[in-house]
Amino acid sequence: MTFTFRGLAAAGALIATGLPASAQTEVKIGYALAPDSHYGVAAKTFEEVLLAETGDQFTFTHFPSSGLGGEREVIEGLQLGTIEVTIVSSGTLANFVPDTGVFDIPFLFRDLDHARAVLDGPIGQDILAKFDNVGLHGLAWGEQGFRHITNNRNPIHTPADAEGLKIRTMENPVHLAAFNAMGAAPTPMAWPEVISSLQQGVIDGQENPLSVIVSVKLNEVQEYLTLSGHVYSPAMLLVSKPFWEGLDDSQKAAFETAAKAGVQAMRGYVDTVETTGVETLKERGMKVNELSVEEKAKFQEAIASAYEGYYETYDKGLVNAIVDFE
Ligand code: PAF
């Protein structure tokens, strides 16, 4: 049906203009992970819904697996208007809209439902709207899940086990402060360098949600997985502001509809991997331990000093409003 309709639409354009219907706009979409990851699934759904809504107006070119560079470079490409769309983690977003970093505070969210409600509610939507001030347009919040620690040195049960651990963090001051307070030796690093740095022993470990650990097959370069769930990892579907401003109202509405469907697919993927991921990684040979409530409390105590810094940057009232959000 779709094919026939689109074929007719193209033929109509040919008759009307006498030219091939070539006025399609290319949408280059870049993301750090593979086509079968939560980002890939979201990008594909986004494309399908957008094309269904708009007919032949757009064509998509996907650049998965950091094909356009690290997340910071891709966001800069959006600002310049050389890349149209991306799906990114909150890793570098605070470098563009500092308020975003509030969501990177460890142990802030109780569970996925809590995080989703905050991001889709007024607090999350206010912060999303701020991207319009920096050459970007935030379409919707997605997510990766809760982040966990992997490493090649030893199992981690207490902060002492993480003492001096050379752990890669995202280029994110909130995460960096937490790992410093814990006594680890964090190294901020762009994602495209992580796998080779793990292989070469430049770093002992990294931290990411199950969605990433499973889809990237981090088990091939990491022995231990500690289910620390130390921080929630939001993601965002972002559009270039120069590109956004060139769209008409109906196209903008179609992008919004497609983005909602895309992040819904991303959350669906995360729901699945949160329940099946640990088993998959054990089958692939990873040694897995989950922090008990008491062990988690020790990590919270260990990073208490980082919170003083967070409250200098982020309003304590806002942090409390997030924690208490129902
Ligand atoms: O660790 C990161 O940098 C991010 O979680 C990743 C893997 C690039 C996905 O956005």
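Residues numbered from 1 in each chain as written. Predicted model: local features only at pLDDT ≥ 70, side-chain atom pairs only at ≥ 80, totals over all residues. Heavy atoms only, no water.

Trainee: Talk me through the overall build of the chain; I want residue IDs and the actual numbers.
Mentor: Broken down by element type, the chain carries 13 helices and nine strands. For 326 residues, the compact-globule estimate of 2.2 N^0.38 gives 20 Å, and the C-alpha radius of gyration of the chain, at 21 Å, lies within 12% of that figure. Over its C-alpha atoms, taken along the principal directions, the chain stretches across nearly 75 × 45 × 30 Å. Taking all 326 residues of the chain together, 51% fall into the buried category. Summarising the internal contacts of the chain: among those between residues at least 6 apart in sequence, 75% fall at separations of at least 24. (Helix = DSSP H or I, 4+ residues; strand = E, 2+ residues; numbered from the N terminus. Rg over C-alpha atoms; globule rule 2.2 N^0.38 Å. Buried < 20%, exposed > 50% of the residue type's maximum accessible area, 1.4 Å probe, protein only. Contact = heavy atoms within 4.5 Å.)

Trainee: Can you explain the site of the ligand? Please cite residues and give values.
Mentor: All residues adjacent to the ligand are A32, L33, Y39, E71, S89, Q144, R147, R168, M170, W191, N208 and V212. Contact distances for the ligand include 3.5 Å between an oxygen atom and a side-chain N or O atom of S89. In this structure, an oxygen atom belonging to the ligand sits 2.6 Å away from a side-chain N or O atom of R168. Across the complex, the protein chains shield 99% of the 290 Å² of accessible surface that the ligand would expose by itself. The cavity that encloses the ligand is the largest cavity. (Near = heavy atom within 4 Å. Polar contact = N/O pair within 3.5 Å; in protein donor to acceptor, adjacent residues only side chain to side chain. Areas by Shrake-Rupley, 256 points an atom, 1.4 Å probe, with all protein chains shown as cover. 1 Å grid on protein atoms, 1.4 Å probe; cavity = no way out; pocket = protein on both sides within 12 Å on 5 of 7 lines; lining within 4 Å. Sits in = over half its atoms within 2 Å of the grid points.)

Trainee: Describe helix 3 (residues 71-80), and please don't skip the residues or the numbers.
Mentor: Of the positions making up helix 3, those classed as buried are E71, V74, I75, G77 and L78. Axial view of helix 3: buried residues confined to an arc of 150°, hence all on one face. Facing away from the buried side of helix 3 by more than 90 degrees, the exposed set consists of E73 and L80. Among the structural elements, helix 2 (38-54), strand 3 (85-89), strand 4 (136-151), strand 8 (224-240) and helix 9 (241-245) are those in contact with the buried residues of helix 3. G81 lies just past helix 3 and shows a positive phi near 90°. (Arc of directions from axis to C-beta.)

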